Amino acid sequence: MRETVLLAWRNLWRNSRRSALTIGSVSCGLAAVMLGQSLMKTIQKQMVEKSTGIMLGHLQAQAKGVRDHRVPERVYPRPAAFEKSLREHPFVQAVSARIKFTGLVYSPQGSRGVLVVGVEPETEAKISIIPGYLKEGHYFGGGERDLVLGDRLAGELDVRIGEKLVVMAQAMGTEMSSELFRVAGIYHSGSESYDGQVVYVQLPAAQRVRGVPGKISYLVAKLPDPELVPSVIADLGSKAAAEGADLLSFRKIGLEVEAIIRFEDAILIVVLFIIFSIVGLGILNTVAMSMFERVREFGTLRALGARPVVVVRMIAVEALFLGSLGALAGLCLGGAIIFWWGTTGLHLPIGKALSYWLPFDAVVYLRPVWRMHVASAAGLVVVSLVSAAGPAFRAARLVIAEALRSL
Amino acid sequence: MSGETLIELKQVSKVYRPKVKAAFSDAAPGVIAIEKLDLAFSKGEFSAIAGPSGSGKSTLLNLIGTIDAPTDGTIAFRGKTVTNLDENALADFRLHQLGFVFQAYNLIPVLTAAENVEYPLALQGVSRAERRARAIEALSWVGLDGLADRRPDLLSGGQQQRVAVARAIVHRPAVVLADEPTANLDSKTAASLLDMMLDLNKKHGITFIFSSHDPTVLSRARRVIHLQDGRLQ
C-alpha cells in the first residue's frame, strides 16, 4: 500500500499545473458551498431570532383545537401545573402568558385596525425583543393602563408619550368592549407591520377588553437554543395535553419562517448538487487525461505482476489526494472568507425585502457552520473517488499487450 | 542446464481481428500473427526468437508472458496450463515466475532506479529493508552501483535498460522475456547488455528468451528460433 500511495503522490505532481488547477477548482467549489451555507444559515438564524424574539417565542402552549396558531381564536384557563413544569425544565429560560386578538385603536385624530397583545411585562421582557427597540418612553411600569405601540402607528394616530388611546374589540361571545389606555412607550423595530399594526398592553387589561378574565391565548417560553425545542416538547407535551393544551414549536406557528427555511435549504441542495457535479467532472477530466497519458505504464505494471485492483487503487488514491487537498484548501479559503464577512459584516438588500414582515438587520455577520462545511468537504472527497471510478476500472481492464504498444 | 521443460506451447495460434461491431466480426478476415505453433523451452536456456518485422516475435513473447491470450491452443508452465487462468492468477503467475525487459525500457518515470527494481518485490509483499538490499544487489549485478537513487530521465538508454534487466531478475523469476531489448541501443551498448544477460544466465541460471532481428545479437544466443509469418522456419 505504501508503494501505491508513493506512486500516486508522485504521479499527481507529474503535471503539477493540471493538478494545482484541479485542486484549485475543488477548493473554490467548496468555498462557494461554504459561503452559501454560512449565508443561508446566518440569515435563517437571524430570522429565527427575530421572529421568536418579537412574537413567536420558541414554544407556545395553546388551547387544544386552535385553528389559527398565529392569532389563536380560542382562550383557555392558565394551565398552572404544566406552567410550573415548563418553568422548571432545565432548557427553559423564561415563561410568560399572553392574550392576543384583533381590535381597533382610536385616538382623537383617527383609528386603526391592530393586533392587541396582552402581556406580563416582567416575564415578557425576558422573552420579547420589543423592549430593546423602545425609542421613547418605557416598557410599561407606570400602571395597568399603559400601552406600548410602534412609531409608525403612533405617527398615523398622531399620539405621543402620555397621550390617551382607546382600544376596542369584540368581547368573546358578547358585544363590543373598549378600554382607555395611555401611551407609555413607542418602539421602532424596522418592521412595517409590527411598527404599524401591533400594540402591547398588560394582560389583565387585555383580558377585560376581550371579556375573558383569567384566561389566556397561550403560554410562551424562551429556550437558550432553538435546537432544544423538540426535546422540551418530548418531555412536556403530554403534560400540556393533560391540561387541554398543545405544546407547539415556533416552526409550527411561524409557517412563513418554516417555509423560507425549507426554501433556502432546497436552494442549498441544488447549489451543492451543481457544484459537486462541476467538481466531479473536473476531477474526471484530470484523472481521465492522466490515465490516457499513462496507458503504457499501466500495461507495464500489469505485466510486472500487479493485479487489476492495484491499478484501481493507485488511481483512486490519486483522486483521493486531489479531492482531499482541494477540500482542505477549500475549508481554509471558505473559512477565511466567512471569517472576513463575519468580522466586517456583509451588506444585503434582503433586509429591505423582509422588513415589512420582520425586523431584519441589513448587515449580516456570517458565522461558520462547521458541521455542514466538513460534511460538504467529505462529500467532495467522495465525489472525487466516484469520478475516478470510471477511468480507474477502464485502466484495470486494459489488454496488457495493447497497453504496452501505446505511445 | 537441467533440461527440465519450463514452457510448452501446443498448437498455439493468435489472430488479430479488427475492432468492428459484433454483427460484422465474422466478415472481418483478421491477421494471423501466430499459426498452430508447437514449441518448448527448457530451464537455463538463453534463446532468441528471430525473424523480420511482422513475423510474430513480439506476439509470441506476449503469449509466453501471458500478457496476451492465444486465439487457439494451450500454453503450459512446468506442465500446468496457464491459458485458462483468471486475471488475478495470471498476475500472480507473472509476478512470481516471469521477468520482462521491454524494447523501450518501460521504467516508471516517477520512481528512482532502485524503486523501479524494488517494485516487483513490493508487489510480492517483501519487507522494505529486504527489497532495498535485493534491489541494490540486482543493480550491482547489472553494473549500476551508485545510481540507485537516480530517476530514469537522468540515466542513459543503456543504463535504463540495465535497470529494466535488474527489475526483471530481482525477484528470481524462472524466465526473463526480453522483447527486442537492444533495439534502442547503439551496437556497443547492445553488446555490453547481451554480455551481461549471458553472464546472469551462466552465473545465476536465469532462463532468457529474447527476440531480435539483429544478426550480431542473435549470434550470442545458444538457440535461435526462426519465425516467418507466424510459423517456425
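Thresholds, definitions, all that
- Residues numbered from 1 in each chain as written.
- Chains lettered and ligands numbered in written order.
- Predicted model: local features only at pLDDT ≥ 70, side-chain atom pairs only at ≥ 80, totals over all residues.
- Helix = DSSP H or I, 4+ residues; strand = E, 2+ residues; numbered from the N terminus.
- Rg over C-alpha atoms; globule rule 2.2 N^0.38 Å.
- Buried ≥ 20, exposed ≤ 12 C-beta atoms within 10 Å, placed from the backbone.
- Contact = placed C-beta atoms within 7 Å.
- Nonpolar A, V, L, I, M, F, W, Y, C, P; charged D, E, K, R; others polar.
- Domains from an automatic or database assignment.
- Core = buried A, V, L, I, M, F, W, Y, C linked by C-beta atoms within 7 Å.
- Pairing = 2+ DSSP bridges.
- Expected span 1.5 Å × (residues − 1).
- Bend = angle between axes of the 7 residues up to and from the residue.
- pLDDT = per-residue confidence, 0-100.
- Axes fitted to C-alpha atoms, helices over the stretch in contact; angles between N-to-C directions.
- Parallel < 35°, antiparallel > 145°, perpendicular 65-115°, else oblique.
- Left-handed = near helix turned anticlockwise from the far one by under 90°.

Peer 1: Explain the overall build of chain B residue by residue, including any values.
Peer 2: Counting secondary structure elements, chain B contains seven helices and 10 strands. Taking 17 Å as the expected radius of gyration for a compact globule of 233 residues, we find that chain B reaches 18 Å, a close match to that expectation. Expressed along its principal axes, the backbone C-alpha trace of chain B runs to roughly 55 × 40 × 35 Å. Here chain B holds 233 residues, and the buried ones make up 44% of them. Pairs at least 24 residues apart make up 72% of the contacts formed inside chain B by residues separated by at least 6 positions.

Peer 1: Could you give an account of unusual backbone geometry, naming the residues involved and the relevant values?
Peer 2: Backbone geometry follows two general trends: most residues other than glycine have a negative phi, and most peptide bonds adopt the trans configuration. Residues and elements named next belong to chain B. Positive phi, close to 50°, is recorded for Q11, a residue that is not glycine. Relative to the helices and strands, Q11 resides in strand β1 (residues 5-16). At T66, a position not held by glycine, the phi torsion is positive, near 60°. Looking at the secondary structure, you find T66 in the loop between α1 (57-64) and β4 (72-77).

Peer 1: Mind laying out the interface of chain A and chain B, listing which residues take part and the relevant values?
Peer 2: The partner chain B presents 19 residues to the 18 residues of chain A that form the contact. Those elements giving two or more residues to the side of chain A that touches chain B turn out to be α1 (2-12), α11 (295-304) and α15 (400-405) of chain A. The greatest single-element share of the side of chain A that touches chain B, amounting to six residues, is contributed by α11 of chain A. Split by residue class, the side of chain A that touches chain B holds eight nonpolar, three polar and seven charged.

Peer 1: Hey, could you go over the domain arrangement of chain A for me, with residue numbers and the actual values?
Peer 2: For an interface, size is often stated in terms of accessible area lost upon the parts coming together. All names here are of chain A. Entries for chain A in the domain assignment read domain 1 (2-51 + 258-405) and domain 2 (57-253). For domain 1 and domain 2, the distance between their C-alpha centroids amounts to 48 Å. Contacts between the two partners involve eight residues from domain 1 and, on the opposite side, nine residues from domain 2. The class makeup of the residues in the side of domain 1 that touches domain 2 is five nonpolar, two polar and one charged.

Peer 1: Give a detailed account of the nonpolar core, specifying residues and quantitative values.
Peer 2: By size, the foremost hydrophobic cluster in this structure holds 122 residues, and its most contacted members are I315 of chain A together with L139 and A166 of chain B. The element that contributes the greatest number of residues to this core is helix α12 (residues 308-344) of chain A, accounting for 14 residues. The residues touching I315 of chain A, leaving out its near neighbours within four places in the chain, are V287, M291, A388, P391, A392 and A395 of chain A.

Peer 1: Hey, could you go over the sheet that holds β1 of chain B for me, with residue numbers and the actual values?
Peer 2: The four strands lie next to each other as β2-β1-β4-β5 (chain B), forming an open sheet whose pairing is antiparallel. Of all the strands in the sheet, just β2 (31-42) and β5 (80-81) of chain B have a single pairing partner and so form its edges.

Peer 1: I'd love a proper account of helix α8 (residues 229-242) of chain A, names of residues and values included.
Peer 2: All names here are of chain A. With 14 residues, α8 extends 19 Å from end C-alpha to end C-alpha; this agrees with the ideal 20 Å at 1.5 Å per step. Along α8, the helix axis deviates most sharply at L236, where the bend reaches about 50°. Considered for burial, the residues of α8 that qualify are V229, V232, L236 and A240. Lining the buried residues of α8 we find β1 (59-63), α3 (80-88) and β12 (245-249). Remark: G244 follows α8 within two positions and exhibits a positive phi of approximately 75°.

Peer 1: Would you mind going over the sheet that holds strand β8 (residues 207-212) of chain B in detail, with residue names and values included?
Peer 2: All names here are of chain B. Read across the open sheet, the six strands follow the order β6-β7-β8-β3-β9-β10; overall the sheet is mixed. Each having just a single partner strand, β6 (98-101) and β10 (231-232) make up the two edges of the open sheet. Inspection of the sheet shows β6 paired to strand β7 (residues 175-179) by four bridges, in the parallel sense. Looking at β7, one finds that G99 is bridged to V176.

Peer 1: Break down the confidence of the model for chain B for me, citing the residues and quoting the values.
Peer 2: On average, residues of chain B carry a pLDDT of 88, and 94% of them reach 70 or more. Two numbers describe this predicted complex: its pTM, 0.77, and its ipTM, 0.91.

Peer 1: Residues and numbers for the pairing of β1 of chain A, please.
Peer 2: All names here are of chain A. Most of β1 sits inside the fold, with five of its five residues counted as buried. Direction of pairing for β1 relative to β12: antiparallel, over a ladder of five bridges. Bridge pairing in β12 places Q60 opposite L248. The pairing of β1 with strand β11 (residues 218-222) spans four bridges and is classified as antiparallel. Residue A61 lies in a different strand from β11, and its bridge partner there is L219.

Peer 1: So what about the environment of I225 of chain B? Which residues, and what values?
Peer 2: Residues and elements named next belong to chain B. On the secondary structure map, I225 appears in strand β9 (residues 223-228). Under the C-beta neighbour-count criterion, I225 is labelled partly exposed, with 19 such atoms within 10 Å. Those residues in contact with I225 that lie beyond four places of it in its chain are L39, S47, I49, A50 and L232.

Peer 1: Tell me about the packing of α1 of chain A against α12 of chain A, residues and numbers included.
Peer 2: Residues and elements named next belong to chain A. Taken N-terminus to C-terminus, the directions of α1 and α12 make an angle of 55°; their axes are 9 Å apart at the nearest point. With respect to α12, the axis of α1 lies oblique. At the point where α1 passes α12, the crossing takes the right-handed sense. Residues T4, V5, L7, A8, W9, N11 and L12 of α1 pack against V310, R313, M314, V317, E318, F321 and L322 of α12. Its residues assigned to classes, the contact of α1 with α12 shows 10 nonpolar, two polar and two charged.

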